[in-house]
Amino acid sequence: MTVHSTPRTGATLRLLDKADKEIVKLDRAVLGAFYKFQHDFRRNPHAGGFDLKQLEGHDRLWSARVNREWRALMIRLSGDDWLLVAVKHRGHVHKNLERFNYGINHITGAIEYVDLQVVEESVLRRGLTPPTTPPAAPSAPSGPPVETRPDEEPIFGAYTDQQLVDLGVTQPLLPIVRKLTTDDELLGLAEYAPRHTGEVLLRLRDGVPYEEVMEQVTAPVAVAEPEQNLDSDDWQAAVDRSQTVVITDDESLQSVLEEGDFGRWKVFLHPTQEKLVRRRYSGPARVGGGPGTGKTIVALHRVRHLVRQLPPGHTKPVLLTTFNRNLAAELRARLLSLGGPDVLARVDITHVDQLATRIVSEADPGNTKRRIDDAAALREWRELLVETGQTRWNAEFLSDEWNQVILGQAVSNRSDYFTARRAGRGRSVTRSERAGIWQLAERFAQRLETKGLETHRQIAERAARLEMARKTRIDQRAEAREERGGLDNLHAEAGSGAWLRYRYRHIVVDEAQDLSAAHWKMLRAMVPSDSDDIFLVGDTHQRIYDNQVTLGSLGVHIRGRSSRLTLSYRTTREILRDAIRVLGGADYDDLDGDADTLAGYRSVLHGTEPSLRGAPSWDEEMDLVVEQLRAWHDVPRESTAICVPTNEMVTQLADRLARAGITPSEITQDGPRGDQGVHIGTMYRFKGLEYRCLIIAGAAEGLVPRASVDLWERTDPSRHQRELHRARSLLFVAATRARDALAITWHGEPSRFLAPLLTKG
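The shown structure was predicted, so the numbers you read here are calculated from the model rather than taken from an experiment.

Observations concerning the overall build of the protein chain
- Broken down by element type, the protein chain carries 29 helices and 27 strands.
- Taking the contacts inside the protein chain whose residues are at least 6 apart along the sequence as the reference set, 74% of them involve residues at least 24 apart.

Right, dumping it as structure tokens:
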């Protein structure tokens, strides 16, 4: 029926998760009409022209005119509070009234909407046999009938309807769920089903036991004691538990619809992610998960949440840091987009080496030493051994011992080195051997000092010692004041009027797996040990730097406060499957001494198989790269990228592309050199980036992994395994930067890591 009520102005218009996925597919003219509709509707929903109607047979579902042919479907929550669930052609609306299902999920307490015909068609596109029985009667609550192929067993035949409903599966979808026989069909359902239903079914399909799905997926988002507390008619309470966003202005809606995955994640966090963001932790907490599971998004939302809990002020008590310089700049831009300038003004955003440099510069403002990288430091080690005639240890071993143990753990004296942990270092050393190594390390440090040189690792180690000393002073003053019975001016420097405080109240770390032990010691000393002090996200399968740490030994205790995300929303399952095969079943730690796993990690997206092609020579391989880029002619060049093993190959490939009429844009430590063209860089440069289409070129044996890695196999088996792990992780990171399409090329012999891809059935 049509609304006949006294006109009022102003309405609350909310957008339900997944409604945007259909809206963005509308024709440009229809999308333009929709933008105008939502703008005018928010101003006055009772103005003429909307033809606002309650749909026949539905208590809360209404339609409103977008233009002559298209209608907005909305659930009326109360008064002029509306929830937009779809934009449909008017012919679809009137022919499918019985297929529109909505309600409050009795497990999660969230509002759910399902267009059963859309879900059915999505499943059919994935290969399900078309239905042969007539449509269900309008009064039936079930979904459209579909048939299985007689030679295939239903995927979820082992579970009863009640078991699935108890997990939170949307009840009207059960008839379709019962007919699913392949992964493709399941992905077709998950595309348009409520997100919780999709996650439950995907976990069960992965073989996760029913009890674990209940504990890991359903329990975290379930309403406490639903039988007593859940009112199935309280839609205002339900909307607060739902994945919705209030459309406050045209720009907020545009950001959701036009900023891709990040635009959606700004507002439509998964309930599991939302709980991680808002939870109060009694100490340091860790969120793990594979590429594309939303770890960085969770970190950004966590930062915004922490800022909103702060009292008014102009300080920056929240630190957001990461290892990668490019990623730090990206984090700043994304936080500005997510929280606006007010949130950004309360957050210190910097990469961790820049932070360490700042600390050291405060203590030694006149420092003029020249910074050198690890390769230059290794050359200095070799020269030192030649000059001293030492042959017991090789330069690589000593360099690693200095970086990983002495500098990595901020070891400042000989006696501390005798007791320092050497986990992951391979061969053990005796006390007398440690004495000799320490003597060489002292001579090496003196050598750098004499030459006016220093490394990033030295800076991190010195910053850690400075911050640990600062923390000791703060704690001592706190104890002294407590003994005197006064807690006011707790952090005042005696006799100076200056204030000595912890630098931050909260620290959030992205890509945590790449930080060294010295970095963690520095960060631990920068924030008081209290609730919500350190929040870190990372994936050790993506560790591409040789920093092996055990957080508990560094004062960052995450036991009992670790969570893992398992659904990738970025990379297709075809790309994800091959990327995981590259890892080869190697063992990875969880940053605290236990094993990390990608079990249950899967994608909700479907795409084409990755392309694998070899060539006799590098010159001919570059021709394959040009050919592949031309095949992706319909993809914007800035949405495509090529990663290679070496800087020399970047230069050569950029020249080849330019001669082929394709603009290259090299990725430097500060990001791409231009806004236009195909991005090219070494694999290390791609951390934290993503592209619609990506080529991994030069994936040849001797380059991935580099030939020198195998020199360690006999002399230092432990390091050999670590280097292979790093090389696998680097290839894994590169492969998972691709969203829609991945091509891998090589010349000569393909990398050993590609063997599982080349031999797959």
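Topic: helix H24 (residues 573-583)
- For H24, every residue scored as buried is listed here: Glu-574, Ile-575, Leu-576, Asp-578, Ala-579, Val-582 and Leu-583.
- For H24, the secondary structure elements touched by its buried residues are strand S17 (567-568), strand S18 (588-589), strand S20 (602-603), helix H28 (717-735), strand S27 (738-747) and helix H29 (755-758).
- Phi turns positive, to about 65 degrees, at Gly-584, one or two residues after H24.

Re unusual backbone geometry
- Residue Pro-705 follows Val-704 across a cis peptide bond; omega there is -5 degrees.
- Its place among the elements puts Pro-705 in the loop between strand S26 (691-696) and helix H27 (712-715).
- Despite not being glycine, Asp-51 shows a phi value in the positive range, around 50 degrees.
- Considering the arrangement of structural elements, one finds Asp-51 in the loop between helix H2 (28-43) and strand S2 (53-54).
- The exposure class assigned to Asp-51 is partly exposed, which follows from its relative accessible area of 34%.

Details of the packing of helix H4 (residues 116-125) against helix H7 (residues 183-192)
- Orientation of H4 relative to H7, taken along the N-to-C sense of each, is 150 degrees, at an axis distance of 7 Å. Taken as axis vectors, H4 and H7 run roughly antiparallel relative to one another. Relative to H7, the crossing made by H4 is right-handed. Touching Val-118, Val-119, Ser-122, Val-123 and Arg-125 of H4 are Glu-185, Gly-188, Leu-189, Glu-191 and Tyr-192, all from H7.
- The class makeup of the residues in the contact of H4 with H7 is five nonpolar, two polar and three charged.

Some details on the pairing of strand S25 (residues 678-682)
- Counting buried positions along S25 yields five of five residues, so the element is predominantly enclosed.
- As defined by bridge partners, strand S22 (residues 640-644) adjoins S25 across four bridges and the pair is classed as parallel. Of the residues in S25, the one forming a bridge with Ile-642 is Ile-680.
- Where strand S23 (residues 664-668) and S25 come together, three bridges link them in parallel fashion. Residue pairing across strands places Ser-665 opposite His-679, the latter belonging to S25.

Here we look at the pattern of salt bridges
- Across all of its chains, the model carries 54 salt bridges by this definition.
- Close ionic contact of Lys-451 with Glu-383 constitutes a salt bridge, the shortest N to O distance being 3.8 Å. Within this pair, whereas Lys-451 is found in helix H21 (residues 431-451), its partner Glu-383 is found in helix H18 (residues 374-388), the two being separated by 68 residues in sequence.
- For Glu-383, a relative accessible area of 37% gives the class partly exposed.
- Because the salt bridges share partners, they merge into one network encompassing Glu-380, Glu-383, Glu-387, Arg-447 and Lys-451.

Thoughts on the nonpolar core
- In this structure, Met-683, Leu-694, Ile-696, Leu-731 and Leu-742 are the most contacted members of the largest nonpolar core, which totals 37 residues.
- For this core, the secondary-structure elements that each account for two or more residues are H24, S22, S26, H28 and S27.
- It is H28 that contributes the most residues to this core, eight residues altogether.
- For Leu-731, the residues in contact, after removing those within four places along its chain, are Val-582, Met-683, Ile-696, Val-704, Phe-753 and Leu-754.
- Listed in part, the 32 residues of the second largest apolar core include Leu-189, Val-200, Tyr-210 and Val-213.

Describing the sheet that holds S2
- Read from one edge to the other, the open sheet built from six strands follows the order S2-S3-S4-S5-S1-S8, with strand pairing classed as mixed. Strands with a single pairing partner mark the edges of an open sheet, and in this sheet they are S2 and strand S8 (244-246).
- Sheet strands touched by H2: strand S1 (12-16), strand S3 (61-65), strand S4 (70-78) and strand S5 (81-89). Its angle to S4, the strand with the most contacts, is close to 30 degrees.

Structural notes on the environment of Leu-742
- Of note, Leu-742 is situated in strand S27.
- In this structure, the C-alpha to C-alpha distance between Leu-742 and Thr-572, residues 170 residues apart in sequence, is 9.8 Å.
- Dropping the residues within four chain positions of it, Leu-742 is found in contact with Ile-575, Pro-610, Ser-611, Leu-694, Ile-696 and Ala-735.

Things to note about the packing of H18 against helix H19 (residues 395-407)
- One way to put it is that H18 packs onto H19 with a least axis distance of 9 Å and a crossing angle of 125 degrees. Judged by the angle between their axes, H18 and H19 are oblique. Regarding H18 and H19, the two cross each other, and that crossing is right-handed. Residue-level inspection shows Asp-374, Leu-378, Trp-381, Arg-382 and Leu-385 of H18 in contact with H19, the latter providing Ala-395, Glu-396, Leu-398, Ser-399, Trp-402 and Asn-403.

Description of the packing of aromatic side chains
- Per the counting criterion, the structure on display carries 17 aromatic pairs.
- With a centroid separation of 6.2 Å and 25 degrees between ring planes, the pair formed by Tyr-159 and Tyr-210 is classed as stacked. One end of the pair, Tyr-159, is in the loop between H4 and helix H5 (161-166); the other, Tyr-210, is in helix H9 (residues 210-218), with 51 residues separating them in the sequence.
- For Tyr-159, a relative accessible area of 19% translates into the label buried.
- By the ring-pair criterion, three or more aromatic residues cluster together here, those being Phe-34, Tyr-35, Phe-37, Phe-41, Phe-50, Trp-62 and Trp-82.
- Its guanidinium or amino end placed over the ring of Trp-62, Arg-76 lies 5.0 Å from that ring's centre, counting from NZ or CZ.

A closer look at the side chain of Thr-566
- On the secondary structure map, Thr-566 appears in the loop between strand S16 (562-565) and S17.
- We classify Thr-566 as buried; its relative accessible area is 4%.
- Engagement of the side chain of Thr-566 in a polar contact is seen with the side chain of Arg-203, the distance being 2.8 Å.
- Ignoring anything within four residues of it in the chain, the contact list for Thr-566 reads Glu-199, Arg-203, Thr-293, Ala-599, Gly-600, Tyr-601 and Arg-602.

Quick notes on the confidence of the model for the protein chain
- Per-residue pLDDT for the protein chain averages 85, and the proportion of residues at 70 or more is 90%.
- Segment residues 128-150 is flagged for pLDDT under 50; beyond a separation of four residues in sequence, or across chains, it makes 49 contacts in the model.
- Per-residue pLDDT stays below 50 along residues 489-498; that stretch engages in 18 contacts with residues further than four places along the chain or on separate chains.

A short note on the sheet that holds strand S14 (residues 506-509)
- The sheet built from six strands is open, its strands ordered S11-S10-S14-S15-S9-S16 with parallel pairing. The open sheet terminates on both sides in strands that have one partner only, identified here as strand S11 (347-351) and S16. Taken over all neighbouring pairs, the strand axes of this sheet differ in orientation by 15 degrees on average, direction set aside.
- As judged from the three bridges shared by S14 and strand S15 (residues 534-537), these two strands associate in the parallel manner.

Focus on the environment of Thr-368
- Relative to the helices and strands, Thr-368 resides in the loop between helix H17 (352-363) and strand S12 (370-372).
- Spatially, the C-alpha atom of Thr-368 lies 7.6 Å from that of Gly-452, the residues being 84 residues apart in sequence.

Definitions and cut-offs
Residues numbered from 1 in each chain as written. Predicted model: local features only at pLDDT ≥ 70, side-chain atom pairs only at ≥ 80, totals over all residues. Heavy atoms only, no water. Helix = DSSP H or I, 4+ residues; strand = E, 2+ residues; numbered from the N terminus. Contact = heavy atoms within 4.5 Å. Buried < 20%, exposed > 50% of the residue type's maximum accessible area, 1.4 Å probe, protein only. Axes fitted to C-alpha atoms, helices over the stretch in contact; angles between N-to-C directions. Parallel < 35°, antiparallel > 145°, perpendicular 65-115°, else oblique. Left-handed = near helix turned anticlockwise from the far one by under 90°. Nonpolar A, V, L, I, M, F, W, Y, C, P; charged D, E, K, R; others polar. Pairing = 2+ DSSP bridges. Salt bridge = Lys/Arg side-chain N within 4 Å of Asp/Glu carboxyl O. Core = buried A, V, L, I, M, F, W, Y, C linked by side-chain atoms within 4.5 Å. Phe/Tyr/Trp six-rings, centres within 6.5 Å; stacked < 30°, edge-to-face > 60°. Lys NZ or Arg CZ within 6 Å of the ring centre and 35° of its normal. Polar contact = N/O pair within 3.5 Å; in protein donor to acceptor, adjacent residues only side chain to side chain. pLDDT = per-residue confidence, 0-100.

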